[in-house]
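Close look at the chain arrangement
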Amino acid sequence: MCGIVGYIGNQPAVVRLFNGLRELEYRGYDSAGLAVLQPDGLRCFKTVGKLDNLATKLGDYESSGPVTAIGHTRWATHGKPTEANAHPHGLTHSQVVHNGIIENYVALREAVETPFLSQTDSEVIVHLFERHLAAQAESTPNQRVESSSATDDPAIDPALAAFRATLDTLHGAYAILLISETAPGRIFFARKGSPLQLGFAEDGCHFASSDAPLVGVCSQTLYLEDGHWGVATPEGLTLFGADGSPAVLAPKPLPASSLAARKEGYRYFMEKEIYEQPRVLADILTGRLSKQAVLLDELDADWLRPIASVTLCACGTSYHAALTGSYLLERLARVPARVEIASEFRYREPVLDPNGLFVVISQSGETADTLEAIKLAKAQGLSTLALCNVDNSSIVREAERTLLLRAGIEKGVASTKAFSAQVLTLWLLALYWGQERAVLSGERHARELSALRAVLNVMQVQPRVHERLHRLSKRYLHGHGFFFIGRDLFYPLALEGALKLKEISYLHAEGYPAGEMKHGPIALADAELFTIALMARSTLYEKVKSNVEELSARDATIIAITTEYFELADDIIQIRSYGHPMLEFFEMLVVVQLLAMEIAIRLGNDVDMPRNLAKSVTVE
Ligand code: F6R
């Protein structure tokens, strides 16, 4: 989501960091900043918006001579995209950049008892560091660590000891770079759950949160592993594992081009985004699951209490998430839920429940129909909530409350990770609301919580499944159409599977409720009609089986996505068995996404930029 760069050396730092941030630009961001430490002091520059704004602020400022510098692009999660919330965060002597989420930041902020300049979770890191450093100084007066005389033993080096003590108090996920006037020529770093790497070149040491900023700068890189922390100088680094013992890493070659580096080894951004879904879901869950409950700081019981019904409204893939959400909200929160396609809703003079909640779902936050729909609901006096991936977007500005999706920028035009982020966030919302309304039995609630904890694992792409889909795809490049069929939660998933396929393969595909096929579409059934049957063991399995049998009897070609052998299937894509509908939902989601992508690639299409489509639909 956010991006990090760092540099220590004798060459101009600003141009180096700025080029690195440019390479991270494709990930999206809402603010950026850098901090530059030179013998004459520490300077920090931050702006909201595009990197060009940062360039304007920097003017012709450039470092000369020995320099230690860090930079960051931010995608807001805690606190609005403002200059104060942009990284680096710092006090007089030190500055920090951070990716990830510090889960216990509220408790840590209270413990630190100093005024904070931002609303972020990240700022607490630098406060803690300076406190520990002050405590070290009291115990060893007059000790200042110069780069030349720096010791890399945390037992002796106060700055390194303060950094270690800081890390010991943090819960959550992080990639951290920290610089301090008390330790010039050195960057303190740590990685847990968020990527961070570094490389050495003739001009010094370079840090980045992904390959792209390092391509063409260093020939090799060291990928830090979870738990790694330490300190780097232009000449080398001291690396420790989580237990404090020395660690060693083998350098790895970097990709040849920065476009390849941005795709991180995947053929398309869409493929990368499918594979990064577990990471996105981890970000969404961070700080939101305690042992016994779902926590949603953005909402509260008083706000939800008067609400009697919910209307979910969106377009395209986001509409499919809305439909999924309606099943979850009725089932887990027992709130009446209806779903609206935004472009239809606007013009049909809808009658809305004045005590209702109007939920809009949008990846971009700029979809014209969805934006107009929320304005209409607001005008009728409804409470409004946006589930959106872009903070400060038009829809977020319009909504009373927002749950940010935390999916990071989505490059592929066909939405993948934003959809899974929407569905997971809706699941959290339904469970949170169910808790507040006390409508779930203890056993049901515990079952949902444990399924939520398992979801990351489920979304991990299994190489066996991907390989099978790659092989199968060649059999399905012709025919007169695809029907994706499912029931209950698997009906919106069928819609989404069909949409993915038609968007990028240009083949005709429809999603249908399995039980509805016999009311008309079964007339199309023959060997050239490909039916993708979403046969979830957890949900109406026998019913879907009968629906598929009816199609098979008319010679339709059946591709079953299921947990077990099914004799009528022409092809089976076997998934793992979980017994929980949402886990089957997420596992099948990966299958339909990959199937669409593999078919489109075989047809020679550009899956990242399908014809006639735009990422953000800002016109009616
Ligand atoms: C499909 C897709 C679109 C969007 C739709 C709404 O892959 O991406 O159907 O879901 O245009 O866009 P947002 O979510 O930005 O409002």
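Residues numbered from 1 in each chain as written. Predicted model: local features only at pLDDT ≥ 70, side-chain atom pairs only at ≥ 80, totals over all residues. Heavy atoms only, no water.

What follows deals with the nonpolar core. Among the nonpolar cores identified, the biggest contains 94 residues, and W427, F482 and F586 are the most heavily contacted of them. With 15 residues, the top contributor of residues to this core is helix 19 (residues 581-602). Taken domain by domain, the makeup of this core includes at least three residues from each of domain 2 (262-459) and domain 3 (461-607). With near-sequence residues (within four places) excluded, F586 lies in contact with L281, S420, V423, L424, W427, V455, V458 and M459. One finds V112, F129, L133 and F240 within the second-largest nonpolar core, a separate group that totals 27 residues. (Core = buried A, V, L, I, M, F, W, Y, C linked by side-chain atoms within 4.5 Å. Buried < 20%, exposed > 50% of the residue type's maximum accessible area, 1.4 Å probe, protein only. Helix = DSSP H or I, 4+ residues; strand = E, 2+ residues; numbered from the N terminus. Domains from an automatic or database assignment. Contact = heavy atoms within 4.5 Å.)

Quick look at the environment of D369 now. Within the element layout of this structure, D369 appears in helix 12 (residues 368-379). A residue is classified by how much of its surface remains accessible, and D369, at 10% relative accessible area, is buried. Measuring from C-alpha to C-alpha, the distance between D369 and L352 comes to 17 Å, with 17 residues separating the pair along the chain. A polar side-chain atom of D369 sits 2.7 Å from a polar atom in the side chain of R346. (Polar contact = N/O pair within 3.5 Å; in protein donor to acceptor, adjacent residues only side chain to side chain.)

So, about the pairing of strand 21 (residues 509-513). Two strands pair when backbone bridges link them, and strand 20 (residues 481-486) and strand 21 are joined in this way by five bridges, in the parallel orientation. Residue I485 lies in a different strand from strand 21, and its bridge partner there is Y512. Taken together, strand 20, helix 17 (residues 490-505) and strand 21 form a β-α-β motif whose crossover is right-handed. (Pairing = 2+ DSSP bridges. Right-handed = clockwise from strand over helix to strand, strands pointing away.)

This part covers helix 17. The end-to-end C-alpha separation of helix 17 is 22 Å, in line with the 22 Å expected for 16 residues at 1.5 Å each. Counted residue by residue, helix 17 has 13 buried out of 16 residues, so it is predominantly covered. (Expected span 1.5 Å × (residues − 1).)

This part takes up the packing of helix 4 (residues 123-139) against helix 5 (residues 158-169). Here helix 4 crosses helix 5 at 135 degrees, and the two axes come no closer than 8 Å. Between helix 4 and helix 5, the crossing angle belongs to the class labelled oblique. Along this stretch, helix 4 crosses helix 5, giving a crossing that reads as right-handed. Counted together, I125, L128, F129, H132, L133 and Q136 of helix 4 and P158, A159, A161, A162, F163, A165, T166 and T169 of helix 5 form the full contact between these two elements. Among the residues making up the contact of helix 4 with helix 5, the classes are represented as 10 nonpolar, four polar and no charged. (Axes fitted to C-alpha atoms, helices over the stretch in contact; angles between N-to-C directions. Parallel < 35°, antiparallel > 145°, perpendicular 65-115°, else oblique. Left-handed = near helix turned anticlockwise from the far one by under 90°. Nonpolar A, V, L, I, M, F, W, Y, C, P; charged D, E, K, R; others polar.)

The next point concerns the sheet that holds strand 20. Ordered in space as 21-20-22-23-24, the five strands form an open sheet in which the pairing is parallel. If you trace the sheet from one side to the other, it starts and ends with strand 21 and strand 24 (571-574), each paired once. Strand-to-strand twist across the sheet, computed as the mean angle between neighbouring axes with direction ignored, equals 20 degrees. Inspection of the sheet shows strand 23 (residues 557-562) paired to strand 24 by four bridges, in the parallel sense. Paired with T562 across the bridge in strand 24 is Q574.

The full count for this structure, using the stated rule, is 14 aromatic pairs. Their ring planes at 45 degrees and their centres at 5.5 Å tell us that F189 and F207 sit as a pair that is tilted. Here the residue F189 occupies a position in strand 8 (residues 187-192), and F207 occupies one in strand 10 (residues 204-208), the gap between them amounting to 18 residues. Residue F189 shares its accessibility class with F207, and that shared class is buried. (Phe/Tyr/Trp six-rings, centres within 6.5 Å; stacked < 30°, edge-to-face > 60°.)

This next bit is on the site of the ligand. Neighbouring the ligand are 14 residues; S318, S362, Q363, S364 and T367 lie closest to it. Within the side chain of S364, one N or O atom sits 2.7 Å away from an oxygen atom of the ligand. A distance of 2.5 Å separates an oxygen atom of the ligand from a polar side-chain atom of T367. About the coverage of the ligand: the protein hides 90% of its 410 Å² of free accessible area. (Near = heavy atom within 4 Å. Areas by Shrake-Rupley, 256 points an atom, 1.4 Å probe, with all protein chains shown as cover.)

One pass over the structure, following the stated rule, counts 30 salt bridges. Here K57 and E83 are joined by a salt bridge, their closest N and O atoms 2.8 Å apart. Taken as a pair, K57 in helix 2 (residues 51-58) and E83 in the loop between strand 4 (67-74) and strand 5 (89-90) lie far apart in primary sequence, 26 residues in all. Accessibility expressed as a relative area gives 40% for E83, which makes it partly exposed. (Salt bridge = Lys/Arg side-chain N within 4 Å of Asp/Glu carboxyl O.)

To continue, consider the confidence of the model for the chain. Chain-level statistics for the chain give a pLDDT mean of 92 and a share of 97% at 70 or above. Note on residues 143-149: pLDDT under 50 across the span, and 15 contacts to partners over four residues away in sequence or across chains. (pLDDT = per-residue confidence, 0-100.)

Here the chain is described as being made up of domain 1 (3-100 + 175-259), domain 2 (262-459) and domain 3 (461-607). For domain 1 and domain 2, the distance between their C-alpha centroids amounts to 33 Å. Between domain 1 and domain 2 lies a buried interface of about 1,500 Å² when both sides are counted; carbon and sulfur atoms form 53% of it. A per-residue breakdown of the area domain 1 buries against domain 2 is headed by Y26, W75 and L259, which together make up 44% of the total. (Buried area = accessible area lost by both parts, 1.4 Å probe.)

Within the open sheet, the six strands sit side by side as 5-6-7-8-12-13. Their pairing is antiparallel. Bordering the open sheet on either side are strand 5 and strand 13 (237-240), each of which pairs with just one other strand. Inspection of the sheet shows strand 5 paired to strand 6 (residues 94-102) by two bridges, in the antiparallel sense. Across the sheet, H89 pairs through a bridge with V96, a residue of strand 6. Lying on the sheet, helix 4 is in contact with strand 5, strand 6 and strand 7 (172-180); it crosses strand 6 at an angle near 130 degrees. Where helix 5 meets the sheet, it contacts strand 7, strand 8, strand 12 (229-232) and strand 13, and its direction lies at approximately 150 degrees from that of strand 12.

With that settled, consider empty space enclosed by the protein. For the structure on display, the rule yields one cavity of 30 Å³ or more. What the largest cavity holds in volume is close to 70 Å³. Around the largest cavity sit V458, Q460, V461, Q462, V465, R576, E587, V590, V591 and L594, which together line it. Sort the elements by how many residues they give to the lining of the largest cavity and helix 19 lands first, with four residues. Looking at the lining of the largest cavity residue by residue, the classes come out as six nonpolar, two polar and two charged. (1 Å grid on protein atoms, 1.4 Å probe; cavity = no way out; pocket = protein on both sides within 12 Å on 5 of 7 lines; lining within 4 Å. Points joined across faces, edges and corners; volume = space filled by probe spheres on them.)

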